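# Working through the structure, step by step
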Amino acid sequence: MKRDYDVVVIGSGPGGLAAAIAAKENGAEHVLVIERDVELGGILLQCIHNGFGLELFNEDLPGPAYAQHFIDDVRGHGVETLMDTMVLDITPERTIYAINKGLGYLELRTRAIVLAMGCRERTRAQILLPGSRPAGVYTAGTAQRFVNVEGFMPGEKFVILGSGDIGMIMARRLTIEGAKVERVLEIMPYLTGLTRNYVQCLLDYGIILEKQRTVNRIIGKDRVEAIEAVSVDEAWQPIPGTREVIPCDTLLLSVGLIPENELSKQAGVLLDPVTNGPFVDDRFMTNVPGIFAAGNVVHVYDLVDWVTEAGYVAGKGAAAFARDKHVEPGEHIPLTAGENIRYVVPHKLDKARLAEEQVRLQMRAIAPIEERVLVTVEDQNGEVVAKKAGAYARPGEILTLAIRPQAYELVQKATGLTVNVRRR
Amino acid sequence: MPKKYDVIIIGAGIVGSLVARFLSKYQLDILLIEKEANIGMGASSANSAILHAGYDPIPGSNKALTNVMAVEMWPVLSQELGIGYSRCGDYVVAVTAEEVQVLEELLARGQRNGVAEIEIISGTEMRRREPLICPDIVAALWVPSGAIGDPFAATVAAAENAVMNGVELMCGTAFEDFLMEGNQIIGVRTNQGDFHCRWASNAAGLYADEVMHKAGVRPEFIIRPRRGEYVILDQAEFQLTQTTVIFLTPTDKGKGITVSGTLHGNVIVGPNANFVDSKENKDTTTEGLQEIWEGGNTLIPTISRKHIIAQFAGLRATGNAPSPDPALNYNQDFIIEIPNNVSGLVNLGGIESPGFTAAPAIALKVIELLQNAGENLQEKPDWNPVRAPRPVFRNLSREEQAALIAKNPAYGRIICRCEMVTEGEILAEIHAPIPATTYDALKRRTWLGTGRCQGGFDIPRVVAILAEALAKTPEEVTKKGGQSEFLYRSTKAVDQDYLNMEALI
Ligand SMILES: Cc1cc2nc3c(=O)[nH]c(=O)nc-3n(C[C@H](O)[C@H](O)[C@H](O)COP(=O)(O)OP(=O)(O)OC[C@H]3O[C@@H](n4cnc5c(N)ncnc54)[C@H](O)[C@@H]3O)c2cc1C
Ligand SMILES: Cc1cc2nc3c(=O)[nH]c(=O)nc-3n(C[C@H](O)[C@H](O)[C@H](O)COP(=O)(O)OP(=O)(O)OC[C@H]3O[C@@H](n4cnc5c(N)ncnc54)[C@H](O)[C@@H]3O)c2cc1C
């Protein structure tokens, strides 16, 4: 096999597949996708529910169908793929070390890298959930893999902690499979996943969601026998007299996702402590020249369509870098989180970029606003460069907005841009 | 006539396993029984992993004698058994004048116990050695002979070496009673049937009191489980400047909370010490985690809750046995004896901390007791003290990793992404002389599932590997034996008639 590539993509989820296709389409000759699982497609393969592709294709597809579209495209473009292969290490000079059962220890060189490793789930320990340590405590994604890929039910009687999307989707899935979901508990006063999932997965199936309520203790020796639930105040402190022991055999945790950046760190990529993903510019290049990043590895997206779009941008940038062996430094201005915004991706913008195409921003709100809102991108003088109206702003749903080429002139005068979300 | 063993050892924790291993040197038929599905799941799997230097126990007590004796055994033993060992030294730090007083007591006690090179250093010197330490420290006790080990690996390796040398091991075999002829033990009754023996050795940890009571020994001896809780920090996020062990000054409640490096690279914070009502209550609690966190923060103010990747608790087998020397007036000693009111019992009990450290010395004491009781122990000519370690992929150089995969492709597939554990390592444990048959056994042997994602990634894969290797269905694979299955049933089956109808149309 080859040892020298123009672009190597690590991870074959929608972010990685789009990056590989875009790299090819933009002139990179030798493109390789490395995937540790035995199939291409990433997390989509276990997302057999529909709801994918609404923004990009105007179609409501199940995850594997959405992935297949891009898998076919990757094959059609002659992208090389290596599956069942784990990348162990990457260097800032873009040497990649990986292992594979058949091929052994691999050392590859490449002109550009796209990091597309996705994210992992937060665990019981990270939320300091006390009690015993029996079988039957799973993250929602692990349970999803058991049910949808392996074909096994990890329990019969469930409590789900956290109103994240995977948790709600699993509540419906398990109900369809004949299990009983006793309760979904959410510590926050608001939903942390998409409203559409609340309606389609919980309301429609009569599954109870209790907000400002959490699991206080896990009970059971060999297998979970019950959990103790408790209500909490705004500061997450238990409210006396609200404890309830809920008998169940399984506890699913849907308490957040964390971008998977162990490899990125090894290569010297700097991470944003708010997103837990790399600092990126509008081409999704990290601080390390030639190392790009796309998808959930940058920040946790809620819609796959934007992951695909980000993958295209990163792949295009990687192809250009592979060709020119550098990127024009350009004149970058910072994009910062303003009023009621937790973070903005990308972190900086090349002013010249708008001459070519629009630049999409992704943001998360800090506090929910349950009335009509306006998202604005403002320069240092408060001049509005881009704006978008919305029916509400919720921390569980990503806000997105594009700065259009029409704003080119305005942006040339800017020294920095701030994003805000306010009541209209 | 059923087979008659020379010795049956009850309980395969670090104590029972090392007793088996040292006794396997002699021409004896030995059976080691363990009630759990795998060995080493009791206190030996959940402790601080510190090989104490011996400045803490009361001079003259069994704890002090065996602790100090064992300190010099571990370097050799860990070589022979192919397990990790690091003599990194330990510190006890003091903030107040009263605590400095305690350090001086510890220094004096250490010197009486024969602990080498122990000294008190200044706060400034302590801060120079560990800049992360709390700035209020005024002095520290420095004990270069303190070390860290891996109690779980030690238990497995000791038992494996025993098995290699002819010891029989039966897991899932719970002692229920002694078979007695008068006051002579002639065997043990277990949930798997009766087994005859000349000697029985009580190494049942938390349950040692109940075991000895069955023989009518020390009815007044009671073990009260005393729980210690811990958290583990992500090694990628937090490291001490040097791998070492740092204790808060001990109080009446225990040795004091520790922030300590481990052989696996993570920093561990804990334990507290609270009596609990049940010998099975290994729950972690909100209050307990708060307590250890406060202690940890006093030592190292920069540790962050965000870096916690795991929590667990262990139970100390705290007894009420007086020291053999009545002059000591100490009532929490190890029992290491052949009691005089029954024959055929080697009785061990109350083996709380420093029991991991002391275990090899306890094993030598057992041999001595048997010899003193008139056993004519003959060495086996072919006894092999060496148990070779198995490859640990993440600890190898790139070249070694490449060579290993070339030799055995199973080492080319990562099953645990955080700790980089390969399929090869997992299969090696499943097919080891003492097979790992549950997820938790694999976890403790290979360290899979102990990293940031806590098994989220590997569990489905490990369940599949275990099912295939053990010729079980995935629904039969357990986390830790008993009723701890991961999976309940298949998802709804597709109706075969419906498929046939489809085919017809
Ligand atoms: C359970 C779930 C439900 C969702 N539901 C919806 C929905 O209904 N609608 C919607 O629009 N969006 C949904 N999303 C969001 C969307 O699917 C994800 O945001 C998207 O799939 C992320 O793509 P990615 O390419 O960034 O990462 P992933 O799809 O996670 O792909 C990352 C890939 O990288 C591989 N990898 C990681 N590290 C290495 C390494 N060291 N070596 C080799 N390979 C490696 C992984 O195996 C994985 O295949 C859902 C997400 C999840 C998790
Ligand atoms: C929180 C904590 C921290 C500690 N820190 C340290 C430290 O840093 N350094 C140190 O030296 N020591 C430490 N210790 C002490 C040390 O862990 C123990 O002393 C040591 O592990 C005891 O080993 P054991 O074999 O006696 O007990 P165990 O490991 O508990 O083994 C007893 C075995 O007997 C089995 N058994 C019980 N009943 C039966 C039955 N009826 N039939 C068959 N089998 C049975 C059990 O299943 C178990 O496997 C600590 C202990 C705790 C709890």
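Before reading on, note that the structure itself is shown above.
Let me sum up the structure you'll find in this document. (Residues numbered from 1 in each chain as written. Chains lettered and ligands numbered in written order. Predicted model: local features only at pLDDT ≥ 70, side-chain atom pairs only at ≥ 80, totals over all residues. Heavy atoms only, no water.)

### Some details on the overall build of chain B
Within chain B, the secondary structure is distributed over 14 helices and 23 strands. At 24 Å, chain B has a C-alpha radius of gyration in line with the 23 Å of a compact globule built from 505 residues. A principal-axis box enclosing the C-alpha atoms of chain B has dimensions of 90 × 60 × 45 Å. Sequence-distant contacts, at least 24 apart, represent 70% of the contacts inside chain B between residues at least 6 apart. Only carbon and sulfur atoms are counted for the fraction: they give 51% of the accessible area of chain B, which is about 20,000 Å². Averaging the positions of the 45 positive and the 60 negative side-chain charges in chain B gives two centres separated by 2 Å. (Helix = DSSP H or I, 4+ residues; strand = E, 2+ residues; numbered from the N terminus. Rg over C-alpha atoms; globule rule 2.2 N^0.38 Å. Contact = heavy atoms within 4.5 Å. Areas by Shrake-Rupley, 256 points an atom, 1.4 Å probe, with all protein chains shown as cover. Lys, Arg positive; Asp, Glu negative; His and termini not counted. Charge placed at Lys NZ, Arg CZ, Asp CG, Glu CD.)

### A few points about the site of ligand 1
Residue and element names in this part refer to chain A. Close contacts around ligand 1 come from 35 residues, with Gly15, Glu35, Ile43, Asn296 and Val304 the closest. Interatomic distance of 3.0 Å between a backbone N/O atom of Val87 and a nitrogen atom of ligand 1. Of all the elements in the fold, those that place two or more residues in the shell around ligand 1 are α1 (14-25), β4 (85-90) and α7 (304-324). Here the shell around ligand 1 is built from residues that sort into 17 nonpolar, 14 polar and four charged. Looking at the shell around ligand 1, you find at least three residues from each of domain 1 (1-121 + 257-328) and domain 2 (123-255). (Near = heavy atom within 4 Å. Polar contact = N/O pair within 3.5 Å; in protein donor to acceptor, adjacent residues only side chain to side chain. Nonpolar A, V, L, I, M, F, W, Y, C, P; charged D, E, K, R; others polar. Domains from an automatic or database assignment.)

### Considerations on the sheet that holds strand β8 (residues 147-149) of chain B
Residue and element names in this part refer to chain B. Sheet architecture is open: three strands sit in the order β3-β8-β4, paired in antiparallel fashion. Each of the sheet's edge strands pairs with one partner strand only, and the pair in question is β3 (50-51) and β4 (85-86). Judged from the two bridges that link them, β3 and β8 form a sheet pairing that is antiparallel. Bridging across to β8, Leu51 finds its partner in Ala147. (Pairing = 2+ DSSP bridges.)

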